[in-house]
Every structure is written in C-alpha cells, then in structure tokens.
Amino acid sequence: MEGFLTDAQREMLKVATETAENLPPSQNPHSVLHTSHHLPKASAGGKPSGGSNAVKHRRSHAGRSIRSKKDGGGGKGNWGKLIDTDGDYHIDPNDPNYDSGEEPFELVGATVSDPLDDYKKAVASIIEEYFSTGDVDVAAADLIELGSSEYHPYFIKRLVSVSMDRHDKEKEMASVLLSALYADVINPNQIRDGFVLLLESADDFVVDIPDAVNVIALFLARAVVDEILPPAFLPRAAKALPVTSKGYQVVQTAEKSYLSAAHHAELVERRWGGQTRTTVEEVKKKISDILKEYVETGETYEACHCVRELGVSFFHHEVVKRALVIALENNAAEAPVLKLLKEAAAENLISSSQMVKGFSRLRESLDDLALDIPSAKTKFDLIVPKAISGGWLDASFSYPSGECGRQQVEDEKLKRFKEEILTIIHEYFNSDDIPELIRSLEDLGAPEYNPIFLKKLITLALDRKNHEKEMASVLLSALHIEMFTTEDVADGFVMLLESAEDTALDILDASNELALFLARAVIDDVLAPFNLEEISSKLRPNSSGTETVKMARSLIFARHAGERLLRCWGGGSGWAVEDAKDKISNLLEEYESSGLVSEACKCIRELGMPFFNHEVVKKALVMGMEKKKDKMMLDLLQESFGEGLVTTNQMTKGFTRVKDGLEDLALDIPNAKEKFKDYVEHGKKNGWVSSSFVTSLTEDANLG
C-alpha cells in the first residue's frame with residue numbers, strides 16, 4: 001500500500017527497537033539528549049526512499065563530535081542504518097502521513113539581552129505613561145516593581161532628556177517626580193550620579209536641543225532648591241568637568257543665573273509657568289496652615305482629612321518635619337502633634353518610610369534649629385523613643401538619646417570612616433590616581449578626621465615597599481594643597497608618633513622611617529621646621545616619638561638634605577619632583593622664546609603632576625619679574641586656569657610661595673613687591689586666587 005513500509009522493513013524495525021530497549025542506559029541512544037535520527041518513510045511502490053541529510057553529526061557519550069558515515073551507515077560506536085535507502089529524501093508537507101516532528105531540528109542562536117538595554121526600554125514606557133497620566137504614585141510603584149535599582153541614574157537621565165524636548169508642563173512634571181522619588185525610591189547618591197550623567201552628555205544634547213545648556217541648568221538649580229541635590233554638588237561637578245565642555249557651562253549657568261539671584265527659590269519653582277501641579281513652596285505653605293490650624297483646634301480627624309486632600313503622599317515627610325518643629329518650638333503643642341502623627345500613621349495616611357524620612361530630615365537640621373531653639377536636641381532625643389515605643393516610628397530609626405547617645409553616633413561614624421579610607425588607600429596604591437582619591441575623600445565629608453586619614457596612610461605605607469612610601473609622601477603634599485591644613489598634618493603626625501612604640505613591635509625600623517616621613521614633609525613644604533617643635537611639645541618627654549622628631553630635625557639640617565630626602569625612598573616620584581622642576585623651567589624658557597601658549601599648556605599637562613602645578617605658577621611669576629615678561633606670563637597663567645590645568649588652590653599656593661620669598665627676590669629685583677602687587681590685582685580680577693589670600697595680603701606689612 002502506497003506510503004507504508006514493506007513487511008521486510010517492518011521486521012527490521014521491530015528487531016532494532018527490541019535490541020535498543022534491552023541495552024543499558026549508558027548505551028541506549030534514547031536515554032540521553034541526542035540528535036534526531038528520523039525514520040525515513042518508504043517511497044511509493046514500497047521502495048525505501050533515500051537517507052535523510054538532515055543530520056550529519058552526533059555527539060558521543062564522551063562529549064566528542066562524531067561525523068556519521070555517509071547515509072548514516074554504521075561504524076564503531078554507531079547503530080548503523082535501520083533501513084537501506086538510496087537517493088535524497090525530502091519530507092513532503094502534503095503527504096497524508098506527514099508529521100511535523102520528523103522535520104530536522106534547526107539550531108537558532110539566541111541573542112543574549114543586555115540588562116541595561118532592557119531597563120532603558122522599560123523606563124521609557126514608565127516615563128511616557130507618567131507624562132500621560134501625571135500619576136506620581138503609579139510611576140513610583142512601577143519603578144520599584146521594575147527593580148534593577150543600580151540603573152536608577154539612567155532613569156534620571158532619561159526622564160530629564162525626554163522632558164527637555166517637550167513643553168514646560170512635562171519639565172515641571174519631571175522635577176516633581178524626581179522630588180517624589182528622592183530617598184524613598186532613588187537614593188541620594190543615585191540622584192547625584194544621574195545628574196553627573198546629564199552633565200557629561202550635555203555636549204550631545206546641544207546637537208538636537210539648542211538651548212540644552214539652559215534647560216539642564218534649570219533642572220540642576222531646581223534639584224538644589226527642592227533639596228534633592230546639595231549645593232556642594234555644583235563646585236564639585238565643575239571641578240571634575242573640562243572647562244570647555246557644555247556640562248561645565250551648565251553648572252556655571254545654574255550657579256550664576258539661577259541660584260545667585262534674589263528670591264531664587266521662588267523664581268526657579270515658577271520658571272516653568274502653567275504647570276498643572278502645585279509647586280513645592282505652595283505645598284509647604286498649605287502644610288504649615290493645616291498644622292497651625294490643628295494646633296489651635298485640636299481636630300485630628302479634620303487635619304488628617306486636609307493632609308489627604310493635598311494629594312502629595314510622596315511629600316508627607318514635610319508634614320512630619322514641620323509638625324516636629326512646632327513641637328520643639330512650643331511645649332504645649334508637643335502632645336497634640338505627637339497624637340496627630342500617631343493617628344496619621346495608624347490610618348496609613350503617612351507611610352513608615354515617609355515618617356522615617358521626616359524624622360531624618362529634622363535630625364539633619366538640628367544644629368541650625370538649636371540656634372533658635374537651644375533645647376531642640378534634648379527635646380528631639382526625648383520624642384524619638386516615644387515615637388518608637390508608640391509603634392508609629394520604625395525602630396530602624398535609631399537615635400540614641402543624650403550625650404552618651406551622641407557619642408555612640410560619633411563612634412559609629414568614625415568606624416565607618418576608617419573602613420572607607422582603608423579601601424580608598426588600597427585603591428590609591430594600586431592606581432596612583434591622586435585626583436580620584438581626593439574626590440573619594442571629599443565625598444566622605446569628614447574633614448575633622450583628616451589626621452586619622454594621615455595616620456592610616458603612613459601606617460599602611462610603612463609595611464609596604466619604598467614605592468608605596470614614596471606614593472604616600474607625594475599624596476601628602478597633594479592633600480596639603482587641596483584639602484588638609486597644616487594643623488591636620490601636624491595632628492596626624494602626633495597621632496603616629498604617640499603610637500610609635502606599638503608600631504615598632506610590628507615594623508622594626510619604624511622609628512627611622514617615621515623620621516624620614518616627617519623630614520620629607522618639611523622638605524615638601526607641607527610642614528615648617530617650627531612645626532616639629534610643636535609636635536614634640538605634644539609628645540611624652542623622652543619617648544620614642546620625641547626621639548623620632550629629633551632624628552627628623554637632624555635629617556633636615558644635614559648637608560644636601562633637600563636632594564637626599566626627595567630621593568629617600570630610592571627614587572620614584574621623588575626623582576620626578578626634581579625632574580619636574582627642571583622641565584617646568586625648560587618649558588617656560590621655551591614659551592618665552594616661542595610665545596606659543598597652547599604648546600606650553602600641553603607640556604604642563606604632560607607633566608602629569610597636577611598637585612605640583614603651584615611650581616609652574618611660582619616660576620612663571622618670578623620669570624615675569626626677572627625678564628619683564630609680565631603680560632606673556634600672565635597670559636599663560638590665564639590660559640592654564642581657563643583650561644582647568646591650574647586650580648584655584650594651586651594658583652593660591654604659587655602666589656603664596658612667591659609672597660613668602662619676596663624679601664629675597666627684592667635683593668635682585670628692586671621692584672619685586674610692586675610687580676607682585678600688580679600680579680595679585682590681576683589674579684583677583686580674574687578669580688585665580690582665593691578671597692582669604694587677598695584678605696591676608698591687605699594686612700601684610702610687606703606690601704605696605
């Protein structure tokens with residue numbers, strides 16, 4: 001019968017099947033994943049059709065790929081052909097006995113999706129839906145459900161960039177959403193990183209949106225006004241961005257055009273006129289009115305009803321903060337205020353996260369409040385345990401009460417600082433990246449612990465090779481210019497020397513090496529020689545620490561001390577400092593001959609020692625005096641400052657070094673002091689030097 005097997009073929013199939021079933025699993029081709037050997041159908045007339053070419057390979061049990069013999073014929077380890085066939089066989093979908101399962105398998109490569117790409121696609125939908133509905137709560141819930149919180153900075157960039165190309169209504173909605181998501185959904189660091197992404201992409205935005213600089217600047221100013229970015233973000237961002245970039249222009253515009261204006265908060269809040277939502281300032285005023293009326297009437301239900309009608313559940317932390325301030329200001333209002341907050345929490349009107357956020361915001365402003373309410377801290381210490389025990393403030397908000405409690409908080413802060421700086425120092429020893437370390441240290445925001453950082457830096461360097469010791473000395477010089485005061489450095493060495501005897505138990509040569517670090521700090525102008533006397537006076541007499549200071553003093557006053565101490569760790573960056581001085585002199589002389597400012601700036605950049613650019617300033621000013629090349633040298637400094645090569649700190653350090661040497665300079669250059677006055681005036685006019693430096697000069701008799 002057409003399309004069926006012959007009797008002989010049917011018998012062969014039966015024998016083959018029974019044999020396969022009797023084999024152990026390890027030899028049974030049906031017991032593992034295997035390539036599909038399809039049973040070919042007999043052709044018309046009962047003749048078998050040709051063997052299928054669908055499968056040319058199969059995998060052995062050892063994992064090797066084995067090419068089957070032609071037509072699937074036998075061989076060692078192969079089953080061989082069940083049916084002899086000849087010619088090519090093609091499955092016909094029109095055959096009455098067609099079975100789709102007999103089609104040869106085709107392996108299709110699957111594209112591996114990028115999680116970030118998936119996230120970007122998902123947030124694009126969330127943003128579009130938000131702009132359509134204006135529902136903040138839904139947008140927040142969708143973002144939480146999406147997960148992948150590590151990508152939240154990209155959400156911020158996307159939200160702002162999409163709104164930039166739309167009307168003011170969407171821009172206002174974007175700002176309102178960012179304020180709503182702050183802390184509860186997107187943490188402060190992610191907000192910061194999102195705006196960094198925006199600033200870095202500003203050059204690209206300008207191509208499609210001509211006024212992108214102004215729009216992003218307004219978003220940046222709005223973020224500061226809405227308190228989701230700290231004002232300190234702006235100078236830090238400006239410092240990290242190239243001066244020629246559009247991102248830098250954005251920061252400058254935000255600072256000078258928006259945040260420096262009178263009544264800037266109100267102007268920024270209302271800049272995108274015609275918005276559909278109430279501004280943050282208006283909401284704050286309504287909250288104040290509700291709370292004021294509540295304190296007068298005591299109607300808890302009515303107050304909760306009014307708060308609910310505001311329709312700003314994402315902003316209820318403001319209700320908590322303002323209510324607590326009223327309680328701190330007015331003893332009689334404390335009981336009703338706490339009753340209101342407890343009732344609002346019980347009704348789920350104010351969520352747990354909003355309650356914690358409100359308490360946290362108040363805690364952060366306690367120092368300012370204490371100026372007007374001296375007992376603010378004490379009262380707050382008493383309110384917190386009441387709220388936690390009452391069940392309407394989460395116990396995760398831990399604020400130990402009293403002086404002991406504050407000490408516990410301080411101890412915890414110090415512990416975290418020590419953990420963070422350990423990582424920062426190890427990364428520096430691996431990367432040799434001073435600017436990155438300075439940024440990391442600034443982000444910690446704990447300048448009061450600078451001496452502790454110095455102690456940890458040198459302690460870790462002591463137990464390493466000379467290369468790391470040299471890196472530590474170079475870093476100390478850079479930190480003194482950018483961040484650390486002389487007092488910070490002196491206090492850090494005092495802490496080191498107080499524990500010198502303990503250090504010597506682990507590092508036998510610790511005393512000698514500490515003396516080298518101390519002497520090197522003097523040679524690098526980080527400490528002055530008289531600072532050694534101050535350090536020694538704070539140490540126990542006849543201790544290991546005082547002996548180390550004496551040793552350092554003898555090293556400093558030895559012959560050729562400067563050269564020897566710069567190379568005390570066997571070269572490395574110490575050699576580089578001396579070499580850099582020569583290179584700076586050479587590039588200034590070449591600049592004097594050629595007049596090519598751009599080439600001189602390129603050479604300064606290629607030195608790769610940004611912490612040492614004060615030497616460029618000093619030598620340029622002195623050369624201007626000596627060779628009467630005032631304009632040429634001032635033009636070079638202006639270009640270097642404009643390109644961000646020489647920072648204000650470096651410029652001030654260079655001017656200070658010239659000022660300190662004016663008496664000696666006047667012996668060779670009679671009009672040195674008058675020249676320096678002109679240079680300072682020029683630097684002041686162009687914003688090169690710090691205002692404190694200019695103020696100190698007005699009181700300096702040397703310039704009188």
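Computed from a prediction, not measured in an experiment: that's the story for all the values here.

We now examine a negative patch on the surface. On the surface, a cluster of negative charge is contributed by Glu-293, Glu-296, Glu-299, Glu-302 and Glu-309. Sorting the residues of the negative patch by element identifies helix H12 (280-297) and helix H13 (300-310) as the ones contributing at least two each. Relative to the elements of secondary structure, Glu-309 occurs in helix H13.

Our next topic: the environment of Asp-142. The topology assignment puts Asp-142 in helix H3 (residues 136-146). As for Asp-142 and Ser-125, which are separated by 17 residues in sequence, their C-alpha atoms are 10.0 Å apart. The residues touching Asp-142, leaving out its near neighbours within four places in the chain, are Ile-126 and Glu-129.

Core analysis: the biggest nonpolar cluster contains 104 residues, and Phe-155, Phe-195, Leu-220 and Phe-359 have the highest contact counts within it. No other element matches helix H8 (residues 212-225), which puts 12 residues into this core. Inspection of this core shows a minimum of three residues originating in each of domain 1 (115-270) and domain 2 (280-394). Those residues in contact with Phe-155 that sit more than four places away from it in its chain are Tyr-119, Val-123, Ile-127, Leu-143, Leu-177, Leu-181 and Ile-186. Of all hydrophobic cores here, the second largest spans 57 residues; its members include Leu-437, Ala-478, Val-494 and Val-522.

On to the environment of Tyr-154. Looking at where Tyr-154 falls in the secondary structure, it is placed in helix H4 (residues 152-164). According to the relative accessible area criterion, Tyr-154 is partly exposed, its value standing at 29%. C-alpha of Tyr-154 to C-alpha of Val-123: the two residues are 31 residues apart in sequence and 9.0 Å apart in space. When near neighbours in sequence (up to four residues on either side) are disregarded, Tyr-154 contacts Leu-116, Tyr-119, Lys-120 and Leu-197.

Cut-off values and rules
- Residues numbered from 1 in each chain as written.
- Predicted model: local features only at pLDDT ≥ 70, side-chain atom pairs only at ≥ 80, totals over all residues.
- Heavy atoms only, no water.
- Patch = residues over 30% accessible without salt bridge, like charges linked within 9 Å, V, L, I, M, F, W, Y side chains within 5 Å.
- Areas by Shrake-Rupley, 256 points an atom, 1.4 Å probe, with all protein chains shown as cover.
- Salt bridge = Lys/Arg side-chain N within 4 Å of Asp/Glu carboxyl O.
- Lys, Arg positive; Asp, Glu negative; His and termini not counted.
- Charge placed at Lys NZ, Arg CZ, Asp CG, Glu CD.
- Helix = DSSP H or I, 4+ residues; strand = E, 2+ residues; numbered from the N terminus.
- Contact = heavy atoms within 4.5 Å.
- Core = buried A, V, L, I, M, F, W, Y, C linked by side-chain atoms within 4.5 Å.
- Buried < 20%, exposed > 50% of the residue type's maximum accessible area, 1.4 Å probe, protein only.
- Domains from an automatic or database assignment.

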